[in-house]
Structures are given as C-alpha cells and as structure tokens.
Amino acid sequence: MSFSTRHLDRARAESFGAAAEDYDLYRPDYPAALFDDLARLCDADVLDVGCGTGKAAAALSARGLLVCGIEPDERMARVARGKGLTVETTKFETWSPNRQFGLIVSADAWHWLHPKAGARKAAEILRAGGYVARFWSFHVLDDAVLEDLEEVYRMCAPGVLPGGGRQKSTEGVRDPLADDERFVPVAQRTYRWGLTMDADAWIGLIGTFSDHLRMAPSARAALFAGVREVIENRGGTVRTSSGTFLQLARRL
C-alpha cells in the first residue's frame, strides 16, 4: 500500500494505542531545528493533529506556544495528558471546535487521515495566512546490517521491510493540500540526523511501527529474536542515517 493510501488501512491506523507507552519511550524526538522553524511561523494557537503521546505538542509548548492536541486513541492521549498537554480524544475529520488556529501540525500522522476530509477540516479551522505543517521521520540502516536483517525478515516476516518500510524520500511525494484551492504549498525541507541504538532500543523502535504491530505475536517474537541476533553479532549496535521531512502549506 502506497504512502498516499495508508488511510484506507484502518487496522494499521488504529494499532498504535496498544503500544502507547513503548511509542513514547522508543520513538525518537523530532529535530529541535524543526520546531524552532515552526515556532517562528506562528504567534497564535497551534493544533496538533494525531498528536499521539505528545512528542511534537510538548516541543512546541516548550517554545511558548499554546497547543491543543487531537488524538483518536484514548490510550495515546492519556500519555500526552500526563505531560501536562491539552488533548481531546476525537477524530479530526469530524471535530467541531469553536475556534480557529494559526498553525496546524501533524507528526507522522496526516497520512492516516482521509485526504479530502482532512483538507476540508483544516481549511475550516485555520486562520487565513496560517500554515499546515506535515512531517514524518525515516531511518536508513547501514547496508551491511540491512542485508543481514533482510534475510531475517524474509524468513520470519515476508512482506514486512526492515525499519518499517518508512518513506525514504519526498521525491515525487506531492503535498495533498496542493489539490485544494484554499491552500498553496510553500516549502519542503529535510532535517538530517542519525541514531546509534543497541538491540533493545532498535527492537523497541520497530515494535512501534504499524506493520510490526499487526504481526501475529509468535511471528513477531521470532522476528525480534532474529533481529537481536543480527545486531549482537555485529557488535551490539546499529547506526542509522535518519531524517525528518517537512511539507508546509499556507491557507489562502
């Protein structure tokens, strides 16, 4: 299933709450430079769509912005509220707030929304001149360890890709808001970073990816055992070339 049609797979879209605590623990934070850039765009309220456990909302709140989160899964929302964040448990497409926002952000979540309904709702609640910032992260493993992991995946999890099959490039990825006459795309940026992780941390991370979460428990256990063996045989850590892609659109 392509990145642009992920919203059709509701089982995957609604799988994250089962691992809410692990999601908050193992998913790496987004780059500080990204939030510094976003904070400069907005002097009004911010809405975090699909806020999950509040990683993006907390970072923006720390920069002095007033952030409201929208999260359809109460288990994820509960973790975010534990950080002192304001979160409403509801679906963005059917939400009816009584106010507007100067900035809408969505971290690794917009692709789970119905594209037309999401754009329509964003246009309704975003002030003229406000921005929609959609961003998501990826992790590319070194070639040598990737080859070994691919063999484990072929045996234990055919059809699942090491690293969760994350989107590696925005080349050819059109901003879905570009097709709505109420928005204009204004920027596309990549923030580069990297990770060095031991077996526990890497397995914890991939265990929060929707395709891994949807595996049968026995198959997932076998996969993780094989992944652990590969990492331990290669010195106990894996390194990634990671990045966060941002697509920014403005409300006309």
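The preceding data block contains the structure.
First, a word on scope: everything that follows refers to the structure included in this document. Here the structure is a predicted model, which is why all the values come from computation and not from measurement. (Residues numbered from 1 in each chain as written. Predicted model: local features only at pLDDT ≥ 70, side-chain atom pairs only at ≥ 80, totals over all residues. Heavy atoms only, no water.)

A look at the nonpolar core
For step 1, the next point in the chain: Judged by nonpolar contacts, the single largest core of 26 residues is most densely connected at Phe 35, Leu 38, Val 46, Leu 60, Leu 103, Val 105 and Phe 135.
For step 2, the next point in the chain: Where this core is concerned, the elements lending two or more residues are helix 3 (32-39), helix 4 (55-61), helix 5 (74-81), strand 4 (101-107), strand 5 (126-141) and strand 7 (237-251).
For step 3, the next point in the chain: Considering each element in turn, this core owes the most residues, four residues, to helix 4.
For step 4, the next point in the chain: When near neighbours in sequence (up to four residues on either side) are disregarded, Phe 35 contacts Tyr 30, Ala 56, Ala 59, Leu 60, Arg 63 and Phe 135. (Core = buried A, V, L, I, M, F, W, Y, C linked by side-chain atoms within 4.5 Å. Buried < 20%, exposed > 50% of the residue type's maximum accessible area, 1.4 Å probe, protein only. Helix = DSSP H or I, 4+ residues; strand = E, 2+ residues; numbered from the N terminus. Contact = heavy atoms within 4.5 Å.)

Quick notes on the sheet that holds strand 2 (residues 67-71)
For step 1, the next point in the chain: Strand order across the open sheet formed by seven strands is 3-2-1-4-5-7-6, with mixed pairing between neighbours. Only two strands of the sheet have a single neighbouring strand rather than two, namely strand 3 (86-89) and strand 6 (183-198). Sheet twist, expressed as the mean angle between neighbouring strand axes with direction ignored, is 20°.
For step 2, the next point in the chain: Contacting strand 5, strand 6 and strand 7, helix 8 (residues 199-206) runs over the sheet at an angle of about 145° to strand 6. (Pairing = 2+ DSSP bridges. Axes fitted to C-alpha atoms, helices over the stretch in contact; angles between N-to-C directions.)

What to know about helix 8
Residues that lie three or four places apart on an α-helix share one face, since the helix turns once every 3.6 residues.
For step 1, the next point in the chain: Most of helix 8 sits out of view: six of its eight residues are buried.
For step 2, the next point in the chain: Put simply, Asp 198 is the residue that caps the front of helix 8, since its side-chain oxygen is 3.3 Å from the backbone nitrogen of Asp 200. (Polar contact = N/O pair within 3.5 Å; in protein donor to acceptor, adjacent residues only side chain to side chain.)

Some remarks on the pattern of salt bridges
If charged atoms from side chains of opposite charge come close, those side chains can pair.
For step 1, the next point in the chain: Under the criterion given, the structure shown has 15 salt bridges.
For step 2, the next point in the chain: Between Arg 40 and Asp 37 there is a salt bridge whose closest N-O contact spans 2.4 Å.
For step 3, the next point in the chain: The exposed category is assigned to Arg 40, whose relative accessible area is 63%.
For step 4, the next point in the chain: Notably, a salt bridge pairs Asp 180 with Arg 182, separated by 2.8 Å at the nearest N-O pair.
For step 5, the next point in the chain: By relative accessible area, which is 12% here, Asp 180 ends up buried. (Salt bridge = Lys/Arg side-chain N within 4 Å of Asp/Glu carboxyl O.)

Description of the packing of helix 7 (residues 143-156) against helix 10 (residues 217-233)
For step 1, the next point in the chain: Interaxial distance between helix 7 and helix 10 falls to 9 Å at its minimum, and their mutual angle equals 160°. Regarding the angle of helix 7 to helix 10, the classification is roughly antiparallel. Handedness of the helix 7/helix 10 crossing: right-handed. Taken together, the residues of helix 10 that come into contact with helix 7 (itself represented by Val 145, Asp 148, Leu 149, Val 152, Tyr 153 and Cys 156) are Ala 219, Ala 222, Leu 223, Gly 226, Val 227 and Val 230.
For step 2, the next point in the chain: Of the residues in the contact of helix 7 with helix 10, the class split is ten nonpolar, one polar and one charged. (Parallel < 35°, antiparallel > 145°, perpendicular 65-115°, else oblique. Left-handed = near helix turned anticlockwise from the far one by under 90°. Nonpolar A, V, L, I, M, F, W, Y, C, P; charged D, E, K, R; others polar.)

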